[in-house]
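Understanding the architecture of this molecule
Now for the letters of each chain:
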Amino acid sequence: MRRFHQLAQKQRALLLLNIQPGRASVLDEVKALRDWLVHPDVGIALDPEWEMAGGQVPGDTYGRTDGHELTRVARYLSGLVKEHDLPEKPLVFHQVATSVVREQSALEPQPGVALIKSADGIGSPGLKRGTWRRLVRGLPDGVHTGFKLFYEEDAKGSRLMTPKEVLRLRPRPEYVMYE
């Protein structure tokens, strides 16, 4: 992480530490990164589809989280921002299907934390637009929009969406990630 943090600093960029929790507590995983999160240029990204319950196998099923758990993480980050007088921190949560984030209405924005719901998933431009429409419907107040593209996986059997196509989505994504 040190090497990537140094690279991000050289580019005056943010480093997002991505958590795929498996069976671990998401909040415990975030707290374990405290020494990194007190840096002004480090934020968190969560992949809740990898949050597995007992007996679930990654890749066989989607894991899930809920608005309450995301709010607990946002509160923790908000406390770090306040305690260390840090600039706003991003908390990105990737969502591949509506089932991945339950009780979205329980998500409460916290001071100093930018909540970003990033539409995730691999597929053709048409498939990705459909996922986008489903995931941004009923977006809670204070949650920013994000969109994720995969250089290789999206292009298999189709093509990668162009920047113009992404920016034509409504509402317009405020955060765009290429992987």
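Residues numbered from 1 in each chain as written. Predicted model: local features only at pLDDT ≥ 70, side-chain atom pairs only at ≥ 80, totals over all residues. Heavy atoms only, no water.

Val30, Leu37, Ile44, Leu46, Leu77 and Leu91 are the most contacted members of the largest nonpolar core, which has 28 residues in total. At the level of elements, β1 (15-19), α2 (26-31), α3 (34-37), β2 (42-46), α4 (67-84), β4 (89-95) and β6 (113-119) are the ones that each hand at least two residues to this core. Looking at this core, the element that brings in the most residues is α4, giving 6 residues. Counting residues in each nonpolar core, the second largest holds 9 residues, with Trp132, Leu135, Phe147 and Val166 among its members. (Core = buried A, V, L, I, M, F, W, Y, C linked by side-chain atoms within 4.5 Å. Buried < 20%, exposed > 50% of the residue type's maximum accessible area, 1.4 Å probe, protein only. Helix = DSSP H or I, 4+ residues; strand = E, 2+ residues; numbered from the N terminus.)

The first and last C-alpha atoms of helix α5 (residues 125-136) sit 16 Å apart over 12 residues, in line with the 16 Å expected at 1.5 Å per residue. Of the residues making up α5, those classed as buried are Pro125, Lys128, Gly130, Thr131, Trp132, Leu135 and Val136. Lining the buried residues of α5 we find β4, β6 and β7 (143-149). (Expected span 1.5 Å × (residues − 1). Contact = heavy atoms within 4.5 Å.)

Another aspect to go through is the confidence of the model for the chain. For the chain, the mean per-residue pLDDT works out to 94, and 100% of the residues sit at or above 70. When mean pLDDT is compared element by element in the chain, α3 scores highest at 98, while strand β5 (residues 101-102) scores lowest at 92. (pLDDT = per-residue confidence, 0-100.)

Here we take up the sheet that holds β4. Taken in spatial order, the 6 strands line up as β1-β2-β4-β6-β7-β8 in an open sheet, and their pairing is parallel. Both edges of this open sheet fall to β1 and β8 (175-178), since each of them pairs with a single strand only. For this sheet, the mean inter-axis angle between neighbouring strands, taken without regard to orientation, is 25°. Pairing between β1 and β2: 5 bridges, direction parallel. Within the sheet, the bridge partner assigned to leucine 17 lies in β2 and is isoleucine 44. Contacting β4, β6 and β7, α5 runs over the sheet at an angle of about 160° to β7. (Pairing = 2+ DSSP bridges. Axes fitted to C-alpha atoms, helices over the stretch in contact; angles between N-to-C directions.)

According to the stated counting rule, one finds 2 aromatic pairs in the structure shown. Aromatic pair tryptophan 132 and phenylalanine 147: ring centres 5.6 Å apart, planes at 75°, arrangement edge-to-face. Separated by 15 residues along the polypeptide, tryptophan 132 in helix α5 and phenylalanine 147 in strand β7 bring together distant segments of the chain. Of the two residues examined, tryptophan 132 and phenylalanine 147, each falls in the buried class. For the cation-ring pair, arginine 3 lies above phenylalanine 4, with the distance from its terminal atom to the ring centre recorded as 4.9 Å. Above the face of the phenylalanine 147 ring, lysine 128 is positioned so that its terminal group lies 5.6 Å from the ring centre. (Phe/Tyr/Trp six-rings, centres within 6.5 Å; stacked < 30°, edge-to-face > 60°. Lys NZ or Arg CZ within 6 Å of the ring centre and 35° of its normal.)

Our focus in this paragraph is the side chain of lysine 89. Here lysine 89 shows up in strand β4. Buried and without a salt bridge, lysine 89 has aspartate 41 as its closest oppositely charged side chain, separated by 6.5 Å. Among the polar contacts listed, one links the side chain of lysine 89 to the backbone oxygen of valine 42, at a separation of 2.5 Å. For lysine 89, the contacting residues outside a window of four places in its chain are Leu37, His39, Pro40, Val42, Leu77, Val81, Gly112, Val113 and Ala114. (Lys, Arg positive; Asp, Glu negative; His and termini not counted. Salt bridge = Lys/Arg side-chain N within 4 Å of Asp/Glu carboxyl O. Polar contact = N/O pair within 3.5 Å; in protein donor to acceptor, adjacent residues only side chain to side chain.)

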